[in-house]
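Each chain, letter by letter, is given below.
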Amino acid sequence: MYSSCEPCPMCFAACVWAKMAKIVYACRIEDADKVGIRQIPIPSSLMNQLRRSNVDLVVDVLRDEGVKLFDAWRRKSMGSGV
Ligand SMILES: [Zn+2]
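All figures in this text were calculated on a predicted structure; none of them were measured in a lab.

Asks: Explain the side chain of Ser44 to me, using residue names and the numbers behind them.
Replies: Note that Ser44 resides in helix α3 (residues 44-51). Here the side chain of Ser44 touches Tyr25 through a polar contact of 3.2 Å, side chain to side chain. Residues contacting Ser44, with those up to four places away along its chain left out, are Glu6, Pro7, Phe12, Tyr25 and Leu57.

This is the structure:
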């Protein structure tokens, strides 16, 4: 799975139950939090470890670009345009 953001606990569980072998994401939970997207702050790496699920996590792929998109989304959602 490719995602703009690190999966939340619900999404990570769904990925594990669907037997996904790899999750690739750009932004971390803390990046989402900075723009007001509130997540339960449990890193996917910790959930992977606790669950012993061995999902291949490829992290921080194009993270800077993802953070810029989050910032643009926040500006637009606040009504000040992009
Ligand atoms: Zn989620």
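Asks: Got a sec to walk through the coordination of the zinc ion? Specific residues and values, please.
Replies: Those protein atoms acting as donors to the zinc ion are Cys8 (SG) and Cys11 (SG), and they sit at 2.1 to 2.2 Å. Among the residues examined, Cys11 registers a relative accessible area of 34% and is labelled partly exposed.

Asks: Could you give an account of the packing of helix α1 (residues 9-17) against α3, naming the residues involved and the relevant values?
Replies: Running from N to C, α1 and α3 point in directions that differ by 45°, and their axes come no closer than 11 Å. As far as their axial angle goes, α3 and α1 are oblique. Here α1 runs over α3; the crossing is right-handed. The segment α1 lies against α3, with Pro9, Phe12 and Val16 engaging Ser44, Met47, Asn48 and Arg51. Looking at the contact of α1 with α3, its residues break down into four nonpolar, two polar and one charged.

What counts as what
Residues numbered from 1 in each chain as written. Predicted model: local features only at pLDDT ≥ 70, side-chain atom pairs only at ≥ 80, totals over all residues. Heavy atoms only, no water. Helix = DSSP H or I, 4+ residues; strand = E, 2+ residues; numbered from the N terminus. Polar contact = N/O pair within 3.5 Å; in protein donor to acceptor, adjacent residues only side chain to side chain. Contact = heavy atoms within 4.5 Å. Donors = N, O, S within 2.8 Å, 3.2 Å for Na, K, Ca; no water. Buried < 20%, exposed > 50% of the residue type's maximum accessible area, 1.4 Å probe, protein only. Axes fitted to C-alpha atoms, helices over the stretch in contact; angles between N-to-C directions. Parallel < 35°, antiparallel > 145°, perpendicular 65-115°, else oblique. Left-handed = near helix turned anticlockwise from the far one by under 90°. Nonpolar A, V, L, I, M, F, W, Y, C, P; charged D, E, K, R; others polar.

Any functional reading would require information beyond the geometric quantities listed.
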